[in-house]
Amino acid sequence: MTRTTDVAIVGGGPGGLTLARLLTAGGHARVTVYERDSGRAARTQGGTLDLHADTGQRALRAAGLTRAFRRHARPEGEDMLLLDPTGTVLHRDDTPDDSPALRPEIDRTDLRDLLLDSLPSGTVAWGRTLRTAAPAPDGEGPGWQLEFTDGTRAAHHLLVGADGANSRVRPLLTPAVPQHLGVNAIEGTVPDIDRTHFDLAAAVGRGSYWVVGDGRSLAAQRCSDGSVRVGLTFYGPTGRAADWLTTCGIPYDRPDEARAALLPLFADWTPDCRALIAAACTGPLTPRALTALPVGLRWPHRPGLTLLGDAAHLMPPVGHGANAAMRDALELATALAATPADPDAALRAYEEEMFARTARVADESARILAMITSPAGGPGIAAFFRGEALPGAQHSGATS
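A short tour of the structure in this document, coming up. What you see is a predicted model; the values in this text were computed from it and never measured. (Residues numbered from 1 in each chain as written. Predicted model: local features only at pLDDT ≥ 70, side-chain atom pairs only at ≥ 80, totals over all residues. Heavy atoms only, no water.)

1. Describing helix α1 (residues 14–26)
A rise of 1.5 Å per residue sets the reference length of α1, with its 13 residues, at 18 Å; its end C-alpha atoms lie 18 Å apart and thus fit the reference within 8%. Turning to α1, its buried residues number three or more, namely Gly15, Gly16, Leu17, Thr18, Leu19, Ala20, Arg21, Leu22, Leu23 and Thr24. Just downstream of α1, glycine 27 is the residue with a positive phi angle, here 70 degrees. (Helix = DSSP H or I, 4+ residues; strand = E, 2+ residues; numbered from the N terminus. Expected span 1.5 Å × (residues − 1). Buried < 20%, exposed > 50% of the residue type's maximum accessible area, 1.4 Å probe, protein only.)

2. Considerations on empty space enclosed by the protein
The final tally for this structure, using the stated rule, is one cavity of 30 Å³ or more. In this structure, the largest cavity spans a volume of roughly 40 Å³. Taken together, Ile186, Glu187, Gly188, Val230, Leu232, Leu262, Ile277, Ala280, Cys281 and Leu285 make up the full set of residues lining the largest cavity. Among the elements of the structure, β12 (179–190), β15 (228–235) and α9 (271–280) are those that each provide at least two residues to the lining of the largest cavity. Considering only residue class, the lining of the largest cavity consists of eight nonpolar, one polar and one charged. (1 Å grid on protein atoms, 1.4 Å probe; cavity = no way out; pocket = protein on both sides within 12 Å on 5 of 7 lines; lining within 4 Å. Points joined across faces, edges and corners; volume = space filled by probe spheres on them. Nonpolar A, V, L, I, M, F, W, Y, C, P; charged D, E, K, R; others polar.)

3. Re the environment of arginine 216
As for its placement among the helices and strands, arginine 216 is situated in strand β14 (residues 216–222). A relative accessible area of 18% means that arginine 216 is categorised as buried. In sequence terms arginine 216 and asparagine 184 are 32 residues apart; their C-alpha atoms lie 9.9 Å from each other. Apart from residues no more than four positions distant in its own chain, arginine 216 is found in contact with Val211, Thr233, Phe234, Tyr235, Leu265, Phe266, Asp268 and Trp269. (Contact = heavy atoms within 4.5 Å.)

4. Section: α9
Here α9 has its buried residues at Cys273, Leu276, Ile277, Ala279 and Ala280. Taken down its axis, α9 places every buried residue within 165 degrees of arc, on the same side. Buried residues in α9 make contact with β12, α6 (198–204), β13 (208–212), β14, β15 and α8 (255–262). (Arc of directions from axis to C-beta.)

5. Observations regarding the pattern of salt bridges
For the structure on display, the rule yields 23 salt bridges. We note a salt bridge from aspartate 79 to arginine 206, for which the minimum N-O separation is 2.8 Å. On the criterion of sequence distance, the pair formed by aspartate 79 in the loop between α3 (66–72) and β4 (80–83) and arginine 206 in the loop between α6 and β13 is long-range, its members being 127 residues apart. Relative accessible area serves as the criterion here: at 37%, arginine 206 is assigned to the partly exposed category. Arginine 128 serves as the salt-bridge partner of aspartate 150, at 3.4 Å between the closest nitrogen and oxygen. Of this pair, aspartate 150 sits in the loop between β9 (144–148) and β10 (153–156) while arginine 128 sits in the loop between β7 (124–126) and β8 (130–135), and the two are 22 residues apart along the sequence. The class for aspartate 150 is partly exposed, based on a relative accessible area of 44%. Relative accessible area serves as the criterion here: at 24%, arginine 128 is assigned to the partly exposed category. Each of Glu35, Asp37 and Arg112 takes part in a single network of salt bridges with overlapping partners. (Salt bridge = Lys/Arg side-chain N within 4 Å of Asp/Glu carboxyl O.)

6. A few points about the sheet that holds strand β2 (residues 30–35)
Read from one edge of the open sheet, five strands run β7-β2-β1-β11-β17, paired in parallel fashion. On the outer flanks of this sheet lie β7 and β17 (305–307), each paired with one strand and no other. The mean inter-strand angle of the sheet, taken between neighbouring strand axes irrespective of direction, is 20 degrees. Pairing analysis gives three bridges linking strand β11 (residues 158–161) to β17, with the strands arranged parallel. Residue pairing for β17: glycine 161 is matched across the bridge by leucine 307. Across the sheet, helix α12 (residues 343–372) touches β11 and β17, and the angle it forms with β17 is around 25 degrees. (Pairing = 2+ DSSP bridges. Axes fitted to C-alpha atoms, helices over the stretch in contact; angles between N-to-C directions.)

7. Side note on the sheet that holds β15
Strands sit in the order β5-β4-β13-β14-β15-β12-β16 across an open sheet of seven strands; the sheet is mixed. Each end of this open sheet is capped by a strand with a single partner; those strands are β5 (89–93) and β16 (286–292). Ignoring which end each strand starts from, the neighbouring axes of this sheet average 15 degrees apart. Inspection of the sheet shows β4 paired to β13 by four bridges, in the parallel sense. Across the sheet, the residue bridging to methionine 80 is serine 208, located in β13.

8. Let's talk about the nonpolar core
Core analysis: the biggest nonpolar cluster contains 64 residues, and Ile9, Leu19, Leu60, Leu111, Leu146 and Leu159 have the highest contact counts within it. For this core, the leading source of residues is helix α11 (residues 321–338), giving eight residues. When residues no more than four places from it in sequence are discounted, the contact partners of leucine 159 are Ala8, Val10, Ala133, Trp144, Leu146, Val169, Leu172, Gly304, Leu305 and Thr306. Membership of the second largest hydrophobic core comes to 31 residues, among which are Leu81, Ala203, Val211 and Ala279. (Core = buried A, V, L, I, M, F, W, Y, C linked by side-chain atoms within 4.5 Å.)

9. Focus on the side chain of aspartate 84
Considering the arrangement of structural elements, one finds aspartate 84 in the loop between β4 and β5. Among buried charged residues, aspartate 84 stands out as having no salt bridge; its nearest opposite-charge side chain is arginine 216, 11 Å away. A polar contact is formed between the side chain of aspartate 84 and the side chain of threonine 86, at a distance of 2.6 Å. For aspartate 84, the contacting residues outside a window of four places in its chain are Leu90, Val211 and Val212. (Lys, Arg positive; Asp, Glu negative; His and termini not counted. Polar contact = N/O pair within 3.5 Å; in protein donor to acceptor, adjacent residues only side chain to side chain.)

Here's what the structure looks like:
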C-alpha cells in the first residue's frame, strides 16, 4: 500500500471507524468513510456494549485510544443479575472495585464519538448512501468506482464494506443474505431512572438485569446518561419484527397501546419485570428482527475489495459483534501495513485470518442463542456463566 492509496470504507460503525483511525494514524493511506447518516447526531446509536480485552480494547490500544476509552468506560457495568420469571436468582456477577476491566461497558454513542474525534477533519463523508460499486474499466483510474444515491461519485483503490447487516457491498462478493433466527424483539428506554423510578433503578443495579423464561426474555441495561434500555425478546415468530408485532396486536408506534398489549404476555412474571415494561413503554419503541449470516461464511477473493464486521459475519447479538468488527479492523490495518507494496496480498491474508477467527466466534454465538431459546433457558445460561461447556448447535457450515 503506497502513501497515495485511496481507501473507501462504506459504513461508519465501530469497525469502519476503527479501521479509518488505524489507517490514518499510520499515515499510509488516504481514507474516506462514507456514512449514510446525515451527521453524528442524526439518530440514536442504541444502548451500551462491552468491549473485550482481546478484541475491541486491543484495537483501541493499537489506535492509541485507550485513554479516551477509559474516560467513558464503566467497569461497574459488568455487574449482571440473571433471574427466572419467578424472581429466583440464577446467577450474579458483582464487579469488584479493583476489577481488571476485561469487559467494561461503554455507550455506543460514546464509542462512536471518540472514534470520530480521532479522525482528521473531512475523513467522514456524511449523508452518502451507496447505490452501486463497480470495478473501474482498464485505464480509467483507481480500482473501484462508487455512485451514491445523491448522485455523487468517487473512485478509490480499495473498497471495504463495513456497512452492516444489510450491506450493499456484500453482494459484490457473495450471494449470502442474513436469515431470520426465529427471534423478534422490541426495545424501549426508561430515562433518568434514578430519579423517576428509584425502586427499579435499585433492581437493575449498575449493569444488566436479565430475566429468561420459556420463549420470552427481558434485558434491562444501564447507560451512562442515567437511562436504562429495556429489550423484550420473543422466540418462535419469523419475518419482519414490525409485521409480527402488528399481527400480534402490539402497536409499537403507539407506546400506551403497546404497553396494554405487552403486559398480559408477562402476567405471571415478577412485579419488577412488569414495572420495567410499563416504564419503557412511555416513549418510542423500536422493533428488531434477529438475523444472522451462515456460520463460516467465505467468499472467493476479489481484487481491491473486502468486508468487515456485520457485513462479513453477522451473528446473533450476544456480545461479540462489535468486538469482532473492531478486531477485523485491526487485522486488516496490520495486514495492509505489513505489505505496503502489495495491498491485494494483504486483503487475501486478512480474509483468511478473519474467516477462521470469526467462524469460531459465530459458532459460539449461535450456540449461546440456541441455549437461551431452549427449554433450559435461564438455568442453561447460568451454567455457561459458571464455566460449563456450551452444548453443540447445528449451523450451515462454510459457504462460498
